[in-house]
Amino acid sequence: MNNTNLRPSIAYGIWRFLYPVFFLSLSISSVAAQTSLVACNDCSSAYMKAAAEQVAMRMPTGNHQIKVLNISNAEYHLYQAEVIRHSAGPRNTDDKIQLNLNRVTLANEEQTQQQLLAYRRTIEDLKTVLTGSKILLPDTFPYRSAAEALQYPDAFSSSFSHFLNNQHAGLQRAIFDTRAIAETLAANLQLGVNSIFSVTTSLSTGTSSTVVFSDGSQLKFNFNFTNDLTDGLLLNVTLANVPVATDANGKRIPHNPVEARNYVVDKNAIDLHALADYLAKIGIKIIDDKGGNICLPDSFSCSNDGKQCTVNYRC
């Protein structure tokens, strides 16, 4: 018989490991029996059990199943919980809870662990495709410069996410492998495949990479896994509030007049017109006489105070 309450310090530790946590109610019968899935990535076996206890303490009287999935460590624990609530009376909302929690021995435990290891590898492969090297955008991609992405960050994030999920060859293969193994694992654990994907979404938190545009400029981006009910596991791109963007030579693109003081860049490092449009949008005065019919943009320079920049032409 387990203790009916966890010490506050232990409970805090559990929730720290469980963040973010997904509690997925898989079935509810007329006698209030429930099956719940708990994500506990990077948890020890002790914390996995404590997580099951926490969930069981919130359940109604009855016999319940609690499935704790730890993809990071390739572990899966199945618990049978018997919950008996004794009413504390009409004036006291704190019921006394009797809990009997037992881990169920799996008939195919070795097979389950092998599937979890395979699934974890595919997730790592997905991340490696993005972080192992920079993402090169084709000339046909709508945004041809980091300066254009800085002008329309939300629209760029959406367009880039679509490209990664539907057009990037390396990611397409990795996503296909991930979905295939997830379906096998879900069938083995008697879960919906979307439940597996929901547990997976926390594994990419805080992961970043770099995208290279056709003009050579670069932009750092963050990505995470999301669970789409129709398409399954997808990649979602977000940008920092102040994105790190550089030209082809590694010089940071200014975000304000202070950073634009004495800023100089040439035509080989970035699309100068895209840069001018972006800086104009953030309030910097742009001098651009268009150079006539026979002149081409050659360089870009800003004043000492960064409040005015000029597109320079070579004829």
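Residues numbered from 1 in each chain as written. Predicted model: local features only at pLDDT ≥ 70, side-chain atom pairs only at ≥ 80, totals over all residues. Heavy atoms only, no water.

Chemist: Got a sec to walk through helix α8 (residues 272–281)? Specific residues and values, please.
Modeler: Listed as buried for α8 are L272, A274, L275, A276, Y278 and L279. Close packing links the buried residues of α8 with α4 (146–151), β11 (264–266), β12 (285–287), β13 (296–302) and β14 (308–314). At the N-terminal boundary of α8, the capping side chain belongs to D271, with an oxygen 3.1 Å from the backbone nitrogen of H273. Of the residues flanking the end of α8, it is G283, one or two places downstream, whose phi is positive at about 100°. (Buried < 20%, exposed > 50% of the residue type's maximum accessible area, 1.4 Å probe, protein only. Helix = DSSP H or I, 4+ residues; strand = E, 2+ residues; numbered from the N terminus. Contact = heavy atoms within 4.5 Å. Polar contact = N/O pair within 3.5 Å; in protein donor to acceptor, adjacent residues only side chain to side chain.)

Chemist: Could you give me a rundown of the state of the cysteines, with the residues and numbers involved?
Modeler: Here a disulfide denotes a covalent bond joining the sulfur atom of one cysteine to the sulfur atom of another. For the structure on display, the rule yields three disulfides. Covalently, C295 is tied to C315 through a disulfide, its sulfur atoms 1.7 Å apart. Looking down the S-S bond of the C295 and C315 bridge, the torsion is 100°, so its handedness is right-handed. In this pair, C295 sits in the loop between β12 and β13 while C315 sits in the segment after β14, placing the two residues 20 residues apart along the sequence. One disulfide in the model links C302 with C309; its S-S distance is 2.0 Å. Handedness here is read from the sign of the S-S torsion; for C302 and C309, about 105°, the answer is right-handed. Classification of C302 as buried rests on a relative accessible area of 11%. (Disulfide = S-S within 2.5 Å.)

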